[in-house]
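Working through the structure, step by step
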Amino acid sequence: MIKKKICMLGAFSVGKTSLVQQFVKSIFSDKYLTTVGVKIDKKTVTAGDRDVELLLWDIYGEDEFQKVKTSYLRGAAGYFLIIDGTRGDTLETAFKLRDRTEGAIGEVPFILVFNKADIEDEWEIDGKTLEDLSGDGFTVVRTSAKTGMGVEEAFLSLTQKMLEG
Amino acid sequence: MSDLAQPVLEFIYDLSIKDRSPAFLLVKEDGEIQDWGGKLETYGITAPGKGDPIEDHVQILDGFFPLDEERLHLACIETETGVSADIHIFFTGKGCWVLFLDATLEEARQSVLQQRLNELCLLRDKHSKLLEQYLGKDIAEKLVQTGVRDAEESKYVSVLFADIRGFTAYSEKKDSAEVFKLLNAYLAAIIQPVLDEGGTVDKIIGEAVMAIFGISSSEVTPPLQSVKAAFRIIGNVQSLHKEREAQRQDTLEIGIGIASGQVLLGIMGSRNRRTLSAIGHSVNLASLLESQARSNEILIDQHTFQKIGKHQHRFTKARLKLRGIEGPLQAFSCEFEE
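Small disclaimer: the values here were computed from a predicted structure and weren't measured.

Further remarks concern the overall build of chain A. Across its full length, chain A holds four helices and six strands. Shown N-terminal to C-terminal, the secondary structure of chain A runs as helices and strands in the order β-α-β-β-β-α-β-α-β-α. Expected size for 165 residues packed as a compact globule is a radius of gyration near 15 Å; at 15 Å, chain A falls within 12% of this value. Sequence separation of at least 24 residues holds for 70% of the intrachain contacts in chain A that already meet a minimum separation of 6. Total accessible area on chain A stands at roughly 7100 Å², and carbon and sulfur atoms take up 47% of it. Charge separation in chain A, taken as the distance between the mean sites of 22 positive and 27 negative side-chain charges, equals 8 Å.

Structure below.
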């Protein structure tokens, strides 16, 4: 079976762990629990006619005191940049992580995931920003780890990109 | 090699390594297993064989070999068994060593600190948004729309001060995350009624809020707006108490002072950060009344009392001796039971 490593990257408290939990176990918890180091999960998906085992690296969130070490990214075939729509600065963090990731492992497929779509009325990031990013060629997905909206689609979309890449 | 004596090295080993279930794999540059030892089963590595690719036994290291770096450290990685491990990879003449050390305790320790730090950062962001929302450009724009220009002008307003009693002493005893949480809960209980009654939050100074009524045009007089807001603030704080007491959380009291009259209003500050400035006797008086108010008490001046119509019966006369004001001052008090 094809195996692919995917890294979940983003600022702290954007919902990386919640997205993985929703995707792998279909569960969600409102309680925020920070991730230390890396949590690893697996899930097999079918893309086209191929089964792909995804190895999901849920890496601790970046904050002003703690940068994500690029050594964790080795062997990644793709990654998500997770953004919390209610916190505008998490988009900036996502792009910094994109630059560091490309510096470490080169250009591999990635998707911009705007999470917390269930509280979109509280977003600081407006629809136009998302449209502009799409217009610039980025793959943009709105998700809610809470309701599950867009989660499966995001993982399948990245899997497809990795197989094409 | 270290010049430390063998007993010292053994002591260091016992102290810092022994309880961390050390285990290793020795691999070739491409990751082919050559040798192994230690408590590999702790990390879900069973029956490795000479010549096996490392990823067959340690899936998380798939794609890591051949290694570019001289050494690599992967901290607190969850292994197959769920045990958190520090993985160190380094080269010697014999080959590439992959060392596993149990990091469960370290992860738990870091987790507590990181959780607090992140929660504090989130609270800090929320707090600064709150300040920006009520004190930033919105106020300046609102003031421009309602006719207050950069030059000062006189306006009849009611000024309300609400202070959280005992907050300073509380904040010295508690950790910062708890303090911010509590402060946010109380500030929200104070600010919302002010906005609902058409007031403007002028300043949040630590644990005290200064609000002004009468800047935006309204059919309701500023004294009535301010007193109605004060009643609602007390009501909100009492509800908050019930909620927090039910959860066995700390509670604090508030005191409110209100005074009405002509004040000079103007916009001060730089272009990007313009804020309202109110100067006048009523501002000082409201602050003094608030400082005299007991817990759950609203103290208002005579000007305010005269214009609150049917709400007058809720107040009783109170003669106060205030610092900086000659003679006793006629004020009116409304106290709420806890």
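On to the interface of chain B and chain A, then. If you look at the interface, chain B gives 30 residues, while chain A gives 29 residues. Of the roughly 2500 Å² buried at the junction of chain B and chain A (both faces included), carbon and sulfur atoms supply 50%. On inspection of chain B and its partner chain A, the count reaches four salt bridges. The shortest N-O distance in the salt bridge between Glu80(B) and Lys42(A) comes to 3.7 Å. The interface formed by chain B and chain A contains 17 residue pairs in polar contact (both at pLDDT 80 or more).

Time to look at the layout of surface pockets. In this approach a probe as big as a water molecule rolls over the atoms, and the regions it shows empty are the leftover space. Of the voids in this model, the second largest pocket is the one considered here, and its volume is about 290 Å³. As for the second largest pocket, its lining consists of 15 residues, of which Glu62(A), Asp63(A), Glu64(A), Asp89(A) and Thr93(A) are closest to the centre. Of all the secondary-structure elements, those providing two or more residues to the lining of the second largest pocket are helix 2 (89-105) of chain A together with helix 2 (104-135) of chain B. By residue number, the principal contributor to the lining of the second largest pocket is helix 2 of chain A, which donates five residues.

The next subject is the pairing of strand 13 (residues 329-335) of chain B. Residue and element names in this part refer to chain B. Of all seven residues in strand 13, six are buried; the element is thus mostly enclosed. Where strand 11 (residues 297-301) lies against strand 13, five bridges are found, and the strand directions are antiparallel. The residue bridging leucine 299 from the neighbouring strand is serine 333, located in strand 13. Sheet topology places strand 12 (residues 316-320) next to strand 13; five bridges connect them, and they run antiparallel. Across the sheet, leucine 320 pairs through a bridge with leucine 329, a residue of strand 13.

Residue and element names in this part refer to chain A. Within the secondary structure layout, threonine 101 lies in helix 2. For threonine 101, a relative accessible area of 1% translates into the label buried. A polar contact is formed between the side chain of threonine 101 and the backbone oxygen of leucine 97, at a distance of 2.6 Å. Discounting residues that sit within four places of it in the chain, threonine 101 has contacts with Leu9, Leu73, Tyr79 and Gly106.

A few words on the pattern of salt bridges. All names here are of chain A. In this structure the tally under the stated criterion is 22 salt bridges over all chains. The shortest N-O distance in the salt bridge between arginine 142 and glutamate 120 comes to 2.9 Å. With arginine 142 in strand 6 (residues 140-142) and glutamate 120 in the loop between strand 5 (110-115) and helix 3 (127-135), this pair connects stretches of sequence that are 22 residues apart. Judged by relative accessible area, which is 32%, arginine 142 ranks as partly exposed.

The rules behind these values
Residues numbered from 1 in each chain as written. Chains lettered and ligands numbered in written order. Predicted model: local features only at pLDDT ≥ 70, side-chain atom pairs only at ≥ 80, totals over all residues. Heavy atoms only, no water. Helix = DSSP H or I, 4+ residues; strand = E, 2+ residues; numbered from the N terminus. Rg over C-alpha atoms; globule rule 2.2 N^0.38 Å. Contact = heavy atoms within 4.5 Å. Areas by Shrake-Rupley, 256 points an atom, 1.4 Å probe, with all protein chains shown as cover. Lys, Arg positive; Asp, Glu negative; His and termini not counted. Charge placed at Lys NZ, Arg CZ, Asp CG, Glu CD. Buried area = accessible area lost by both parts, 1.4 Å probe. Salt bridge = Lys/Arg side-chain N within 4 Å of Asp/Glu carboxyl O. Polar contact = N/O pair within 3.5 Å; in protein donor to acceptor, adjacent residues only side chain to side chain. 1 Å grid on protein atoms, 1.4 Å probe; cavity = no way out; pocket = protein on both sides within 12 Å on 5 of 7 lines; lining within 4 Å. Points joined across faces, edges and corners; volume = space filled by probe spheres on them. Buried < 20%, exposed > 50% of the residue type's maximum accessible area, 1.4 Å probe, protein only. Pairing = 2+ DSSP bridges.

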